[in-house]
Structure formats: C-alpha cells, structure tokens
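Structural features, examined
Residues per chain, in single letters:
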Amino acid sequence: MLNIALPKGRLGEKVYDMFARAGYPCPALLENSRKLIFENEEAGVRYFWVKPSDVAIYVERGAADIGVAGKDILLEYRPDVYELLDLKTGICRMAVAAKKDFRDDTTRALRVATKFSNIAEHYYLSKGRDIDIIHLNGSIEIAPILGLSDVIVDIVETGTTLKENDLIVYDTVVPISARLIANKSGSRFKGGEIDRLVAEMAKIVEEKE
Ligand code: PRP
C-alpha cells in the first residue's frame, strides 16, 4: 500500500485527477466530507489531504511515502526528500513586486515582506543587496501599501492579486510548479511500487503537453 499526501485545495484536486488517470483512483476522495484519509485497497493506495505547506513534513518523516509539494515549499524548507517528477501543474512564479513608484534606495537595507524568508534571503544574497526581512504569514500584498515594506517576495499566478492592489512585478525569482516527492527510506523498501507510479504519472504529464 502506498501512502500519498495530497495538498488540500484546488491544486490537490487537479493532482488527484492525474493520479486517478495514472491508475490510482479513489473516488471517495472527492466526496465533500470532512474526512481526511481515503483508501482504495484494490489500487494499492491510501491518500491523505494535508495542508499544502505540510506535505513535505509528512513525506520527510515517512508518514507518507509519496506527496505533492510546490517547488516554493521545497526551496524554502529544503526537506530531506527525493524530488521525482515535475508534474507541470500548479504553475506560477516567485516574484519581487512593489508599488509602481518604487525606486530602490541602495544607501539603506531593502525592507522585504514575505512568507518565503529563505528564498528571499538567498535571492538578495546572490544580488549582493542588503535586506531586512519582514516575515508575514499571508496577505503579503498589504505590506508595501501600508509602508511596512519596500517590496514583497511572493507567489504570482494570474497576477490578479497584484493588479487589484496596484502592485507590479519587478523581477522573477524562480518559476514554480508542483513536484512529486518521495520519502528516502520508503524509496528503498517500496522502490518497485514507487517506480511504477512515477512511470505512470510521467505518461500523464507527457499527455498534457
Ligand atoms: C497566493 C499568493 C498571492 C496570490 C497570487 O496567496 O500569496 O497572494 O496567491 O495569486 P494570483 O496572482 O493568481 O492573484 P494565497 O491565496 O495562497 O493566500 P495568502 O498568501 O494571502 O495566504
């Protein structure tokens, strides 16, 4: 039995559809209930719905053999897992955004609001720019509007949130998409099953392209 952690929400439903088409269906999963664990013995899978930012923790610690996590989470938390496949869904980018009239004053540290402190630090280190990180947990776009920060480093998907808050993208930090990840020791014990699943999922990714 393969234990698979799925990110709860829109991305999780898209990704489950890929697993189902790859031969690992579990229709009960899409029932609108508060249940979080679903099993299909025949297909040899057990799915869990977990908070997207927690998937990598379940996989790293072996509570799940396989999971789906955004590249943003993998870059930010650097979990000790195998990254097996780019699912080419959940596509967005990590970007630097600011108010339209933003001008960088290089005589002082740049105030950067973000949920992704490590990604932001790494990015500005590579640019040799001194920064002051303001770690927030959500609604990051408010920070430059209220003067809490000069810029934000955040996920941009459609660009609607930035547009509706009069912010613009200044630079792309890194492209992001959903990745299939696996626990390192599970990959030794359930290697055959995992290899089969990865091969079937790779076919589904190719079909999409
Ligand atoms: C994410 C991200 C942006 C928004 C980008 O927020 O932090 O705010 O989506 O999407 P868009 O470009 O399509 O508008 P999320 O919904 O996860 O909420 P939070 O970060 O405010 O918690």
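Note that the structure is a prediction, hence the values are computed from the model and not measured.

A short note on the packing of aromatic side chains
If you walk through the whole model with that rule in mind, you get 4 aromatic pairs. Measuring from ring centre to ring centre gives 5.6 Å for Tyr 16 and Tyr 47, while their planes differ by 90°; the resulting arrangement is edge-to-face. Separated by 31 residues along the polypeptide, Tyr 16 in helix α1 (residues 10-21) and Tyr 47 in strand β3 (residues 45-50) bring together distant segments of the chain. Just as Tyr 16 is buried, Tyr 47 falls in that class too. Between Phe 102 and Tyr 170, the ring centres sit 5.4 Å apart and the planes meet at 85°, which makes this aromatic pair edge-to-face. In this pair, Phe 102 sits in the loop between β6 (92-99) and β7 (110-114) while Tyr 170 sits in strand β10 (residues 167-176), placing the two residues 68 residues apart along the sequence. Using a relative accessible area of 36% as the deciding quantity, one classes Tyr 170 as partly exposed. By way of ring pairs, the aromatic residues Tyr 16, Phe 19 and Tyr 47 are connected into one cluster.

A look at the sheet that holds strand β11 (residues 178-182)
Taken in spatial order, the 6 strands line up as β2-β3-β1-β4-β11-β5 in an open sheet, and their pairing is mixed. Every interior strand has two partners, whereas the edge strands, β2 (37-40) and β5 (82-86), have only one. Adjacent strand axes in the sheet meet at a mean angle of 25°, parallel and antiparallel pairs treated alike. By the bridge criterion, 6 bridges tie strand β1 (residues 2-7) to β3 in an arrangement that is parallel. Residue pairing in the sheet places Ala 5 in a bridge with Phe 48 of β3. Packing of helix α8 (residues 191-208) onto the sheet brings it into contact with β1, β4 (66-70), β5 and β11, and relative to β5 it is tilted by some 30°.

Looking at the pattern of salt bridges
Two side chains that carry opposite charge are able to pair once their charged atoms sit near each other. Counted by the stated rule, this structure contains 16 salt bridges. Among the ionic pairs, Lys 184 bridges to Asp 80, the shortest N-O distance being 2.6 Å. You can see Lys 184 sitting in the loop between β11 and α7 (186-189) and its partner Asp 80 sitting in the loop between α3 (71-77) and β5, a full 104 residues away along the chain.

Some words on the environment of Lys 203
Here Lys 203 is to be found in helix α8. A C-alpha to C-alpha distance of 9.9 Å links Lys 203 and Met 18, two positions 185 residues apart in sequence.

Considerations on the site of the ligand
The ligand sits among Lys 115, Gly 138, Ser 139, Glu 141, Asp 154, Ile 155, Val 156, Glu 157, Thr 158, Gly 159, Thr 160 and Thr 161. Between the ligand and Glu 141, the relevant distance is 2.6 Å, taken from an oxygen atom to a side-chain nitrogen or oxygen of the residue. For the ligand, an oxygen atom lies 2.8 Å from a polar atom in the backbone of Glu 157. Protein chains shield 64% of the accessible area of the ligand, which is 500 Å² for the free molecule. Judged by the proximity of its atoms to the pocket grid, the ligand belongs to the largest pocket. Looking at the shell around the ligand, the elements that each hand over two or more residues are β9 (151-156) and α6 (160-164). Considering every element that reaches the shell around the ligand, the biggest residue donor is β9, with 3 residues. Of the residues assigned to the shell around the ligand, the class counts are 2 nonpolar, 6 polar and 4 charged.

Reading guide: rules and limits
Residues numbered from 1 in each chain as written. Predicted model: local features only at pLDDT ≥ 70, side-chain atom pairs only at ≥ 80, totals over all residues. Heavy atoms only, no water. Phe/Tyr/Trp six-rings, centres within 6.5 Å; stacked < 30°, edge-to-face > 60°. Helix = DSSP H or I, 4+ residues; strand = E, 2+ residues; numbered from the N terminus. Buried < 20%, exposed > 50% of the residue type's maximum accessible area, 1.4 Å probe, protein only. Pairing = 2+ DSSP bridges. Axes fitted to C-alpha atoms, helices over the stretch in contact; angles between N-to-C directions. Contact = heavy atoms within 4.5 Å. Salt bridge = Lys/Arg side-chain N within 4 Å of Asp/Glu carboxyl O. Near = heavy atom within 4 Å. Polar contact = N/O pair within 3.5 Å; in protein donor to acceptor, adjacent residues only side chain to side chain. Areas by Shrake-Rupley, 256 points an atom, 1.4 Å probe, with all protein chains shown as cover. 1 Å grid on protein atoms, 1.4 Å probe; cavity = no way out; pocket = protein on both sides within 12 Å on 5 of 7 lines; lining within 4 Å. Sits in = over half its atoms within 2 Å of the grid points. Nonpolar A, V, L, I, M, F, W, Y, C, P; charged D, E, K, R; others polar.

Limitation: the analysis is restricted to geometry and does not speak to function.
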